[in-house]
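For reference, the chains in residue letters:
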Amino acid sequence: MFPIGDDDEAGGAFAIVTYGLIALNVLAFLLEMGQGSEASLQSFITAWGVVPREYALRHDIAPSIPAPFWTTLFTSMFLHGGWMHLGGNMLYLWIFGDNLERVMGPVRFLIFYLVCGVAASAAHIMFNLHSAIPSVGASGAISGVLGGYLHLFPRNRVRVLTRVGVTSVPAVMMLGIWIVIQFINGIGSMAQTPETAGVAYMAHIGGFAAGLLLVKPFAVRRPITRY
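Figured I'd write up the structure that's included with this text. (Residues numbered from 1 in each chain as written. Predicted model: local features only at pLDDT ≥ 70, side-chain atom pairs only at ≥ 80, totals over all residues. Heavy atoms only, no water.)

## Describing the overall build of the chain
The criterion, for reference: By definition, any uninterrupted DSSP run of H or I lasting at least four residues is a helix, any uninterrupted run of E lasting at least two residues is a strand, and each is numbered from the N terminus. Radius of gyration here uses only the C-alpha atoms, and the compact-globule reference equals 2.2 Å multiplied by the residue count raised to the power 0.38. Any residue under 20% of the maximum accessible area for its type is buried, any over 50% is exposed, and the rest in between are partly exposed; the area is computed with a 1.4 Å probe on protein chains only. Residues count as neighbours in contact if any of their non-hydrogen atoms are within 4.5 Å of one another. Accessibility throughout is a Shrake-Rupley quantity obtained with a 1.4 Å probe, and a residue counts as covered only by protein chains that appear here. Under the convention used here, Asp and Glu are negative, Lys and Arg are positive, and both His and the chain ends fall outside the count. All charge positions are set by atom: Lys at NZ, Arg at CZ, Asp at CG, Glu at CD.
In terms of helices and strands, the chain carries 9 helices and 3 strands. Along the chain, helices and strands appear, N-terminal first, in the series β-α-α-α-α-α-α-α-β-β-α-α. Against the 2.2 N^0.38 benchmark of 17 Å for 227 residues, the chain shows a C-alpha radius of gyration of 17 Å, consistent with a compact globule. Taken over the C-alpha atoms alone, the chain extends approximately 55 × 35 × 35 Å along its principal axes. The buried share among the 227 residues of the chain stands at 49%. Long-range contacts, defined here as pairs at least 24 residues apart, represent 78% of the contacts in the chain between residues at least 6 apart. Roughly 11,200 Å² of accessible area belongs to the chain as shown, and the carbon and sulfur atoms make up 68% of that amount. With 12 positive and 11 negative side-chain charges, the chain shows a separation of 12 Å between the mean positions of the two kinds.

Encoded structure:
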């Protein structure tokens, strides 16, 4: 199932943080693409992505950055491994982020998003402590958005594209299937199977759990769904 839209949250202002985050991610990706050679791009990703081994050693390793090594907990959220990676993440943020922003307010939503992203990276680091492979992408933070959305809007209808066309399913079904897949693949990734290599599933699980736990304290009003 490929999501293409959902029920809008009634009321609230324009979701400026949601759309601002999308814009920042696109700009950061263009910066990546401007690195020139493949070697320069790889060096850029390694420098600004989360490298678990740096957190085991508690210091930066080459290529270094002009900031504390833990800065990558934040910079990695805005980098992506390709157009498909970027497009998929931004689609999910566009569909599910605005509803949360409208019940949290822009400042609280931004903090929520960043905290979920840090929690996602922490989960990834914990399970890959000695890895020197950089991890990048907004999917950890967006997983937190999905967890929060599931908690507040389980009955919302999500429009999904299937092999037979567009249909509407409850958010609890669509996101429930999504997190089950993450758990299954997360277990598989511990064995580093070809099917799971290259995807930080534990980051998805960590971000989702953080979203579920933190969404209530961050919400400032009850969700009102327009049907």
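Moving on, there is more to tell.
## Comments concerning helix α9 (residues 201-218)
The condition that has to hold: One less than the number of residues in a helix, times 1.5 Å, gives the span that helix is expected to have. Values of bend correspond, residue by residue, to the angle between axes fitted over the seven residues ending at that residue and the seven starting there.
In this model α9 runs 25 Å from its N-terminal to its C-terminal C-alpha over 18 residues, within 8% of the 26 Å that 1.5 Å per residue would give. Along α9, the sharpest kink reaches roughly 35 degrees, centred on L212. If you check which residues of α9 are buried, you get Y201, M202, A203, H204, I205, G206, G207, F208, A210, G211, V215 and F218.

## Details of the nonpolar core
Filter applied, for reference: Throughout this description, the term nonpolar core refers to a set of buried Ala, Val, Leu, Ile, Met, Phe, Trp, Tyr and Cys residues connected via side-chain atoms within 4.5 Å.
Residues F96, L100, M104, F109, F112, Y113 and M174 are the most contacted members of the largest nonpolar core, which totals 47 residues. Elements with a minimum of two residues in this core: α1 (16-33), α2 (38-48), α5 (83-104), α6 (106-127), α7 (139-152), β2 (157-162), α8 (171-190) and α9. Tallying contributions element by element places α5 first for this core, with 10 residues. Not counting chain neighbours up to four residues away, the residues in contact with F96 comprise P3, V145, L146, Y149, V158, M174 and L175. Counting residues in each nonpolar core, the second largest holds 5 residues, with V50, Y55, L73 and I125 among its members.

## Brief notes about the side chain of S121
Tracing the chain through its elements places S121 in helix α6. If sequence neighbours within four positions are ignored, S121 has contacts with V50, L73 and S76.

## With respect to the environment of R163
Of note, R163 is situated in the loop between β2 and β3 (165-170). The exposure class assigned to R163 is exposed, which follows from its relative accessible area of 90%. In the structure, R163 is positioned 162 residues away from M1 in sequence and 8.5 Å away in space, judged by C-alpha atoms.

## Notes on the packing of aromatic side chains
Given two aromatic rings, one states the distance between the centres and the angle between the planes to describe the pair. Note the cut-off: Any Phe, Tyr or Trp ring, taking Trp's six-membered ring, that has another such ring centre within 6.5 Å forms a pair; planes under 30 degrees apart are called stacked, those over 60 apart edge-to-face, and the others tilted.
Counting across every chain of the model gives 9 aromatic pairs. Between F14 and Y19 the ring centres are 5.0 Å apart and the planes differ by 25 degrees, which places this aromatic pair in the stacked class. Residue F14 is classed as exposed on the basis of its relative accessible area of 59%. Residue classification places Y19 among the partly exposed residues on the basis of a relative accessible area of 28%. For the ring pair F109 and Y113, a centre distance of 6.4 Å and an interplane angle of 50 degrees mean the geometry is tilted. In this pair, F109 and Y113 are both assigned in helix α6, 4 residues apart and thus about one turn of the helix distant. You'll find F109 and Y113 in the same group, each marked buried.

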